[in-house]
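# Remarks on the overall topology
Listed here are the chains, written in short residue letters.
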Amino acid sequence: MSDLLATSAIGTRQVRLDGPDKVRGRATYAYEHPVDDPLYLCPLLAMIARGRAATIDTSAAEAADGVVHVLTHENAPALQSTDDAELAILRSPEIGFRGQYLGAVIATTPEQARHAADLITVSYVQEDHDVELREDHPASRTPESGGGDVTVGDVDSALAEAAVSIDQRYSTPMEHNNPMEPHTTIARWDRGELTLWTSTQGVHPARSTLAPILGLEPDQLRIVSPHVGGGFGSKGVPHADMMLAALAAKAVPGRPVKYAVTRQQMFSITGYRAPTLQHVRLGARADGTITAFAFDAVSMSSQTKEFPEEATKPARMMYAGDNRRVTQRVVPLDVPVPSWMRAPGEAPGMVGIEIAMDELAVASGIDPIELRVRNDPENDPDTGLPFNQRRLVDCLREGAERFGWDERSSQPRTQRDNGWLIGMGVASATYPAGRQPGSVARIRRTSDGYEVAIAAADLGTGTWTALTQVAADSLDVPIEQVELQIGDTDLPNATVAGGSTGLASWSAAVLAAAETFRHEHGTDPASGAQSQGEAQANPAAEKFALHSFGAHFAEVRIHAATGEIRVDRMFGMFSAGRIVNPRTARSQFIGGMTMGLGMALLEKGELDPRFGHVVNHDLAEYHVPVNADVAEIEAAWLDEEDPRAGPLGARGIGEIGIVGAAAALANAAYNATGVRVRDLPLFGDVFLPR
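So, how was this worked out
Residues numbered from 1 in each chain as written. Predicted model: local features only at pLDDT ≥ 70, side-chain atom pairs only at ≥ 80, totals over all residues. Heavy atoms only, no water. Helix = DSSP H or I, 4+ residues; strand = E, 2+ residues; numbered from the N terminus. Rg over C-alpha atoms; globule rule 2.2 N^0.38 Å. Buried < 20%, exposed > 50% of the residue type's maximum accessible area, 1.4 Å probe, protein only. Contact = heavy atoms within 4.5 Å. Areas by Shrake-Rupley, 256 points an atom, 1.4 Å probe, with all protein chains shown as cover. Core = buried A, V, L, I, M, F, W, Y, C linked by side-chain atoms within 4.5 Å. Phe/Tyr/Trp six-rings, centres within 6.5 Å; stacked < 30°, edge-to-face > 60°. Lys NZ or Arg CZ within 6 Å of the ring centre and 35° of its normal. Pairing = 2+ DSSP bridges. Expected span 1.5 Å × (residues − 1). Arc of directions from axis to C-beta. Axes fitted to C-alpha atoms, helices over the stretch in contact; angles between N-to-C directions. Left-handed = near helix turned anticlockwise from the far one by under 90°. Nonpolar A, V, L, I, M, F, W, Y, C, P; charged D, E, K, R; others polar.

### A short note on the overall build of the protein chain
The helix and strand tally for the protein chain stands at 14 helices and 26 strands. Relative to a compact globule of 690 residues, whose C-alpha radius of gyration would be 26 Å, the protein chain shows 26 Å and is just as compact. Principal-axis analysis of the C-alpha atoms places the extent of the protein chain at approximately 75 × 70 × 50 Å. Considering the protein chain as a whole, with its 690 residues, one finds that 61% of them fall into the buried category. Looking at the protein chain alone, contacts between residues at least 24 apart form 82% of all its contacts between residues at least 6 apart. Just so you have it, the protein chain exposes about 25800 Å², and 46% of that area is on carbon and sulfur atoms.

This is the structure we're talking about:
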């Protein structure tokens, strides 16, 4: 830990510094930035899953009141690069998925734009499409990116010789990011330069993606995003909505164009978690020690652009076993492009692993916690490297004591309460402890404190507060003397708020800048004194397997007559290094656990194979958890620091809360009913007598 780092602010329960502005409506989100004389965009979307638009008749739309311009592939501004097929929109009449952009209407009011878009008529040449994922699909292939397959030992022989074995298939559904703030953009061109006020998890990464496509130098594109109303990964990389806004604004130079992606449009435009099929085979000795571990995953991708939901990532390092095989395949289909959703890969991958571990525990007659303890490896099974801090066993033991695990019955259907069957479940959690190099922080002395500038992002995660705490302690001043500036490409570079790397990466830059500042200007700097520092790569990443761990516990009740499922309690115990702000950290942990609850019980995009679109594409039919869906939810963490994670000693926490949560609920449901559900979500009718 840096010698500069005091402890007066870090570790204290600071109230969100941005909270007052948010509750009073003064925090400016992307769509709310004041601009003069804006125009409004309504997109034209493809209504078939595969084929082409033979004709697009825009004449009625162009004649409608308030319409300034109608954009299609026939008149769209040119792009410098078309390598990224998701972003290379309006290049041709070809259609790769239902909901693809075919054009846009730009008008003086949102209502006029929407009305005019309805006046456009499109004739289609429709081709046969395929949107159904299956394990034996002939188009299944090894993904272009990813860790590759793993083969160690002889899995088949070890399975045949095992005293106890499990051979089961599991599935996770299509899931959709639904942040409270939809994806929104205001785009304005001025003398060949573009400004985007947009909702993004990284202004500099978004600029580095978009500028070359638009033929701009980096300094010709400014992106502003000081407040983001949730992202969960969907705002981690630019999607086609940003490009559409930029192209529309270029077609009407000098006037800003505002575009708010509707909730329905988000289901096809802004990414989603692809469904997965998982085949898990485990072999063990009579004492539960795993001798064979096989995990084969297939995930859906898009013909337009490949994105593999790498469900195999946790299988590579979670448990020991002399004989292991791990394979990942993707099936490209005529569907929208999948993308990041909270803990991509790990969240769905741990469903199959952790339910299978529960099944192995039942088959072996061993307590599920004890089974996991017996198979906890000292070194990373994938790389052979020692772990930075693998305290999974501590999380399991401590969590079990706090949760009251000793009150659980090992026999299903034995705990009842007035017609309800009650059960408890557990699952492990893990997520990589990454830290990205390249973030830069600038510190400047002002008349009443310090200005700390870095183009970080706050998605509601607490960045405004936690990074101010880090800056205050690094400068040895109260937090009131720190003015933080984030969310603008006019500020020094910051890496994306994704992969649970944000605070760890940005704080390394702030600490480096503070150290340089003190070296250059001393402890009594003059007003205007300024220095900057850059976060370097973590040297420990070459010597250690860097991960965080945790344990999820759940108690559910299921009505024996109706199958109705209720969640009484969820509890998470985590090992995540130093906790900067316990208040915002708890919010992050239980936020992830809540999304895990949705994954287990509620969320499923229903893809109609006839038409290639998600039919429940709004919050009326795509259900997400609300307060009433869980009676009690709490998170805790081990008191620790991790010097190998970086100078702050902290690891990311944004995603580990969801990993394993769904499996814990599925395992609790089995303990309550004796019915093993292997396909999420756990709809209540599966628990009814057959």
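### Some remarks on the nonpolar core
Judged by nonpolar contacts, the single largest core of 91 residues is most densely connected at Phe 553, Met 570 and Phe 589. Judged by nonpolar contacts, the second largest core, of 81 residues, contains Ala 240, Ala 455, Leu 484 and Ala 508.

### Brief notes about the side chain of His 204
Looking at where His 204 falls in the secondary structure, it is placed in helix α5 (residues 203–214). Excluding anything up to four places from it in sequence, His 204 contacts Ala 455, Asp 488, Thr 489, Leu 491, Pro 492, Asn 493 and Ala 494.

### Considering the packing of aromatic side chains
Aromatic ring pairs are defined here through the distance separating the ring centres and the angle between the ring planes. Within the structure shown, the criterion is met by 9 aromatic pairs. Consider the rings of Phe 574 and Phe 589, whose centres lie 4.4 Å apart with planes at 0 degrees: the pair is stacked. Linking Phe 574 in strand β23 (residues 565–575) with Phe 589 in helix α13 (residues 582–601), this pair joins segments that are 15 residues apart in sequence. With respect to class, Phe 574 is no different from Phe 589; both count as buried. Clustering of aromatic rings is evident, with ring pairs tying together Phe 403, Trp 405, Phe 553 and Phe 571. Above the plane of the ring of Tyr 450 lies Arg 445, whose end atom (NZ or CZ) is 4.8 Å from the centre.

### Let's talk about the sheet that holds strand β6 (residues 121–126)
Spatially, 3 strands are ordered β4-β2-β6 in an open sheet, and the strand pairing comes out antiparallel. Edge strands, defined here as strands with exactly one partner in the open sheet, are β4 (94–95) and β6. By the bridge criterion, 6 bridges tie strand β2 (residues 51–57) to β6 in an arrangement that is antiparallel. Its bridge partner lying in β6, Ala 53 is registered against Tyr 124.

### Let's talk about helix α10 (residues 392–403)
Compared with an ideal rise of 1.5 Å per residue, which puts 12 residues at 16 Å, α10 spans 16 Å between its outermost C-alpha atoms and is within 8% of the ideal. Taken residue by residue, α10 has Leu 392, Cys 395, Leu 396, Gly 399, Ala 400 and Phe 403 as its buried positions. Considered in projection along α10, the buried side chains sweep an arc of 120 degrees and stay on one side of the axis. Contacts made by the buried residues of α10 are with α9 (368–374), β17 (420–432), β22 (547–559) and β23. Within two residues after α10, Gly 404 carries a phi angle of roughly 85 degrees, on the positive side.

### Description of the sheet that holds strand β12 (residues 257–260)
One open sheet holds the 7 strands; their spatial order is β3-β5-β1-β12-β9-β10-β11, and the pairing between them is mixed. Edge strands, defined here as strands with exactly one partner in the open sheet, are β3 (67–72) and β11 (221–224). Mean inter-strand twist for the sheet, computed between neighbouring axes without regard to direction, equals 20 degrees. As paired strands, strand β9 (residues 184–190) and strand β10 (residues 193–198) are joined by 6 bridges and run antiparallel to one another. Bridge pairing links Asp 190 to Glu 193 in β10. Of the strands in this sheet, β10 and β11 touch α5, which is tilted by about 145 degrees from β11. Contacting β1 (39–45), β3, β5 (101–107), β9, β10 and β12, helix α6 (residues 240–251) crosses the sheet at an angle of about 35 degrees to β9.

### A short note on the packing of helix α8 (residues 346–364) against helix α14 (residues 661–673)
Orientation of α8 relative to α14, taken along the N-to-C sense of each, is 35 degrees, at an axis distance of 8 Å. Here α8 and α14 pass one another in a crossing that is right-handed. Facing α8, whose interface residues are Met 350, Val 351, Glu 354, Ile 355, Asp 358 and Val 362, α14 presents Ala 662, Ala 663, Ala 666, Asn 667 and Tyr 670. Considered class by class, the residues forming the contact of α8 with α14 number 8 nonpolar, 1 polar and 2 charged.

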